[in-house]
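Chain by chain, the residues:
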Amino acid sequence: MSNYGKVVAFAGGVGGAKLATGLHSILEDGTLSVVVNTADDFTLHGLHISPDVDTVMYNLAGLSDPKQGWGIKGDTNEALKILDIYGGASWFKLGDKDIATHIRRTQRLNEGKNLTEVTSELSSALGIKTTILPMTNNEVATRIITPEGELEFQDYFVARKTLPKVIGVNFHGIENASATKEVLSAIEEASHIIFCPSNPIVSIGPILEVSEIREKLLNPHCTRVAVSPIIGGKALRGPAAEMLKSLNYEMSAVGVAKFLREFIDGFVMDTVDKQLKNQIEKIGLKIKTLPTIMSNLQTKRNLARQTLEFSDSLK
């Protein structure tokens, strides 16, 4: 295990969960906190579903489906098949084991626990030593603005397979969302802050829009490094590249660096993008080029270690 002091990672989606797993595997127990996007949380079948929180949780617990990167490995969809027969919504693929997570979360929330407390209970039950922190306990909802109107995020992302053109993004409720004391304490105590390779607009963006988190990051006391989710002008999965282009950012690692510029000191991008180094250095960032594709635990560990070494070098 490596000693880098306390580390905070910001994450959402599969790429974020992968790097969080690498950090989790090389850091001493109790030194990593993962702050997770909750703006794509929603209610379905009367259950509170936290897709990004669960993706991080299942990955850290070693339960995630290795092909998808989300969900639980070996899960089945028998409940959804019967629900479909009954005429219920079956477009969002909840696995049978996965449903247990949502049932328990909803029960505990209805009993008066907040999302941070419930996430702690669930992750502890799965044996996870890393602290997983929802970005807020308040309700925030990502809305995608398209030529056909405003869409709920999961409608856009899952039901419509990210096909509608994105002309804007709103985070409903963000103005009333407050950071939890747990998130603020983690940031205050951190020696390193790592922005995992997550969609900058809809996974990292909502976290940065929580006013107290934003203020802490704009007045840093530690090094802040981001890892690009865009490799060779493309996202490995998801609509990040197209969203950047639609919102007038370059569809490249440069676009990500510019989006995050005021919040970071250093930027990690894949070696295939090394020709972009000068462009990013011109906006005042230190650059490290590394192999960033994480295909197994060893590559996750390698990227985590090299990112922290780079962050250490910026002190």
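Remember, predicted model here, so these are calculated numbers, not experimental data. (Residues numbered from 1 in each chain as written. Predicted model: local features only at pLDDT ≥ 70, side-chain atom pairs only at ≥ 80, totals over all residues. Heavy atoms only, no water.)

1. Points about the overall build of the chain
Put simply, the rule reads: Elements are defined by DSSP. Helices are runs of H or I of four residues or more, strands are runs of E of two residues or more, and each kind is numbered from the N terminus. Based on C-alpha atoms, the radius of gyration is set beside the globule rule, defined as 2.2 Å times the residue count to the power 0.38. Partly exposed residues are those whose accessible area sits between 20% and 50% of the maximum for their type, while under 20% is buried and over 50% is exposed, using a 1.4 Å probe and protein chains only. Note on contacts: a residue pair is in contact if any heavy atoms of the two residues lie within 4.5 Å. Each accessible area is a Shrake-Rupley estimate made with a 1.4 Å probe; only the visible protein chains count as cover when residues are assessed. Only four residue types enter the charge count, namely Lys and Arg as positive and Asp and Glu as negative; His and the chain termini do not. Here the site of a charge means atom NZ of a Lys, CZ of an Arg, CG of an Asp or CD of a Glu.
Tallying secondary structure elements over the chain gives 13 helices and 14 strands in all. In terms of overall dimensions, the chain is globule-like: its C-alpha atoms have a radius of gyration of 19 Å, near the 20 Å expected for 315 residues. Overall, the C-alpha framework of the chain stretches about 60 × 45 × 40 Å when taken along its three principal axes. Counting all 315 residues of the chain, 53% fall into the buried class. If you take every contact in the chain between residues at least 6 apart in sequence, the share linking residues at least 24 apart comes to 67%. Total accessible area on the chain is roughly 13,800 Å²; 49% of this is exposed by carbon and sulfur atoms. Looking at the chain, you have 34 positive and 36 negative side-chain charges, and the mean spots of the two groups are 7 Å apart.

2. Some details on unusual backbone geometry
Here the phi dihedral of His 45 falls at roughly 55°; this positive angle occurs in a residue that is not glycine. Among the structural elements, His 45 can be located in the loop between β3 (42-44) and β4 (47-49). With phi around 60°, Thr 162 is a residue other than glycine that occupies positive phi space. Within the secondary structure, Thr 162 sits in the loop between α6 (153-159) and β8 (168-172). Judged by its relative accessible area of 26%, Thr 162 falls in the partly exposed class.

3. Some points on the sheet that holds strand β13 (residues 266-270)
Strands in a sheet are paired, the pairing made by backbone hydrogen bonds, and the direction either parallel or antiparallel. Note the cut-off: For two strands to count as paired, DSSP must find a minimum of two bridges between them. Angular values range over 0 to 180 degrees, each being the angle between N-to-C directions of two axes fitted as lines to C-alpha atoms, with helices fitted over their stretch in contact.
Taking strand neighbours across the sheet as the criterion, the seven strands line up as β5-β2-β1-β9-β10-β13-β14 in an open arrangement whose pairing is parallel. Strand pairing shows two members of the sheet lacking a second neighbour, β5 (131-134) and β14 (286-290), which therefore form its edges. Sheet twist, expressed as the mean angle between neighbouring strand axes with direction ignored, is 20°. Strand direction decides the pairing type here: strand β1 (residues 7-11) and strand β9 (residues 192-195), joined by four bridges, are parallel. Across the sheet, Phe 10 pairs through a bridge with Phe 195, a residue of β9.

4. Some thoughts on the pairing of β9
Working note: regular strand, side chains alternate between the two faces of the sheet. Residues His 192 and Ile 194 line one face of β9 and the alternating positions Ile 193 and Phe 195 line the opposite face, and both faces are buried. Pairing geometry for β9 and strand β10 (residues 223-227), over four bridges, is parallel. If you follow Ile 194 over to β10, its bridge partner there is Val 225.

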